[in-house]
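Descriptive structure summary
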Amino acid sequence: MHNTKPIYYHFLEHNKWKVYIACTEKGLCYVGTEHSSIEDLISCCSKQFPNSEIVENEEKLTLYKNELIEYFEGKRTQFTFSFDISGTAFQMAVWKVLQEIPFGQTKCYSDIAFKIGNPKAVRAVGTAIGANPVAIAIPCHRVLGKNGTLTGFSGGLDVKEKLLTLEGITYKP
């Protein structure tokens, strides 16, 4: 297959953090939390990039790995790397707004819906957030329920709690 797009992946373990990460030559395309499997990574990357070959290569992920480790250690509050993700126009709009939520701050689903100009699309916003292929890096964990309650997280609520605690964010369980 000569027209395949390589996707490089690595299983990053650092302190109590375990994440699968993957990238293309253009940027980070997948972050899976500790509840994710290699099968989840393959499935997500194959959907985004149908003509891809998934190859383990820690060296290709050095930049992403280093910034994630700095984040996990509390030394980094934002990421400088690029992403290579695809979604519907609606999903891309939601993911763009998520990237604007500063470290240590939160928004609620209706805030996101309002920001993308579709205030009635609160449930659709939740669905788009759940489809975010680069959790943590695009901070979907910073979205809470209207009254500050902990709400769903595709990576597991326990992981969302760990991320919020890391950022010093208080929430209602």
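Bear in mind that the values here come from a model prediction, so they are computed numbers and not experimental data.

1. Quick look at the overall build of the chain
For the chain, the count of helices and strands is six helices and six strands. Reading the helices (α) and strands (β) of the chain from amino to carboxyl end gives β-β-β-α-β-α-α-β-α-α-β-α. The globule rule puts the C-alpha radius of gyration for 173 residues at 16 Å, and the 16 Å found for the chain is close to it. With respect to the three principal axes, the spread of C-alpha positions in the chain is 50 × 35 × 25 Å. Of all 173 residues assigned to the chain, the portion counted as buried reaches 45%. In the chain, 57% of the contacts between residues at least 6 apart in sequence involve partners at least 24 apart. Working note: accessible area of the chain is about 9000 Å², and carbon and sulfur atoms make up 51% of it. With 19 positive and 18 negative side-chain charges, the chain shows a separation of 10 Å between the mean positions of the two kinds.

2. Observations concerning the sheet that holds strand β2 (residues 17–23)
In a beta sheet, neighbouring strands are held together by backbone hydrogen bonds and run either parallel or antiparallel to one another. Ordered in space as β3-β2-β1-β4, the four strands form an open sheet in which the pairing is mixed. Unpaired on one side and paired on the other, β3 (28–32) and β4 (52–56) mark the two borders of the sheet. The sheet shows a mean angle of 25 degrees between the axes of neighbouring strands, direction not considered. Sheet topology note: the β2/β3 ladder contains four bridges and is antiparallel. Residue pairing for β3: Cys23 is matched across the bridge by Leu28.

3. So, the UniProt feature "domain: Methylguanine DNA methyltransferase ribonuclease-like" (unreviewed entry) in the chain
Residues annotated in UniProt with the feature "domain: Methylguanine DNA methyltransferase ribonuclease-like" (unreviewed entry) correspond here to residues 7–85. Measuring from the first to the last C-alpha atom of residues 7–85 gives 12 Å, for a span that is 28% helix and 32% strand.

4. A closer look at the state of the cysteines
Counting across every chain of the model gives zero disulfides. With no disulfide of its own, Cys44 has Cys45 as its nearest cysteine by sulfur position, at a separation of 5.5 Å. Left unpaired, Cys140 is separated from the closest cysteine sulfur, that of Cys44, by 12 Å. Take Cys140: its relative accessible area is 2%, and that puts it in the buried class.

5. A few points about the environment of Gly148
As for its placement among the helices and strands, Gly148 is situated in the loop between β6 (143–144) and α6 (157–166). Taking C-alpha positions, Gly148 is 8.2 Å from Thr170, a pair spaced 22 residues apart along the chain.

6. Here we look at the pairing of β2
Extensive coverage of β2 is indicated by the burial of six of its seven residues. Summarising the sheet, strand β1 (residues 5–14) and β2 pair through seven bridges and their orientation is antiparallel. Residue pairing for β2: His10 is matched across the bridge by Ile21. The hairpin formed by β1 and β2 contains two residues between the paired strands, and Asn15 there has a positive phi angle of roughly 50 degrees. Hairpin geometry of β2 and β3 is characterised by an intervening segment of four residues between the two adjacent antiparallel strands.

7. Let's talk about the packing of aromatic side chains
A complete count under the given rule lists eight aromatic pairs for this structure. Ring geometry for Tyr64 versus Phe81: centroids 5.0 Å apart, planes at 70 degrees, classification edge-to-face. Within this pair, whereas Tyr64 is found in helix α2 (residues 62–72), its partner Phe81 is found in the loop between α2 and α3 (89–99), the two being separated by 17 residues in sequence. The class of Phe81 is buried, set by a relative accessible area of 6%. For the ring pair Tyr71 and Phe103, a centre distance of 6.2 Å and an interplane angle of 85 degrees mean the geometry is edge-to-face. Residue Tyr71 is located in helix α2, and its partner Phe103 is located in the loop between α3 and β5 (107–108); the two are separated by 32 residues in the primary sequence. By relative accessible area, Phe103 is classed as partly exposed at 26%.

Cut-off values and rules
Residues numbered from 1 in each chain as written. Predicted model: local features only at pLDDT ≥ 70, side-chain atom pairs only at ≥ 80, totals over all residues. Heavy atoms only, no water. Helix = DSSP H or I, 4+ residues; strand = E, 2+ residues; numbered from the N terminus. Rg over C-alpha atoms; globule rule 2.2 N^0.38 Å. Buried < 20%, exposed > 50% of the residue type's maximum accessible area, 1.4 Å probe, protein only. Contact = heavy atoms within 4.5 Å. Areas by Shrake-Rupley, 256 points an atom, 1.4 Å probe, with all protein chains shown as cover. Lys, Arg positive; Asp, Glu negative; His and termini not counted. Charge placed at Lys NZ, Arg CZ, Asp CG, Glu CD. Pairing = 2+ DSSP bridges. Axes fitted to C-alpha atoms, helices over the stretch in contact; angles between N-to-C directions. UniProt positions renumbered as here; feature names shortened; annotations may be inferred. Disulfide = S-S within 2.5 Å. Phe/Tyr/Trp six-rings, centres within 6.5 Å; stacked < 30°, edge-to-face > 60°.

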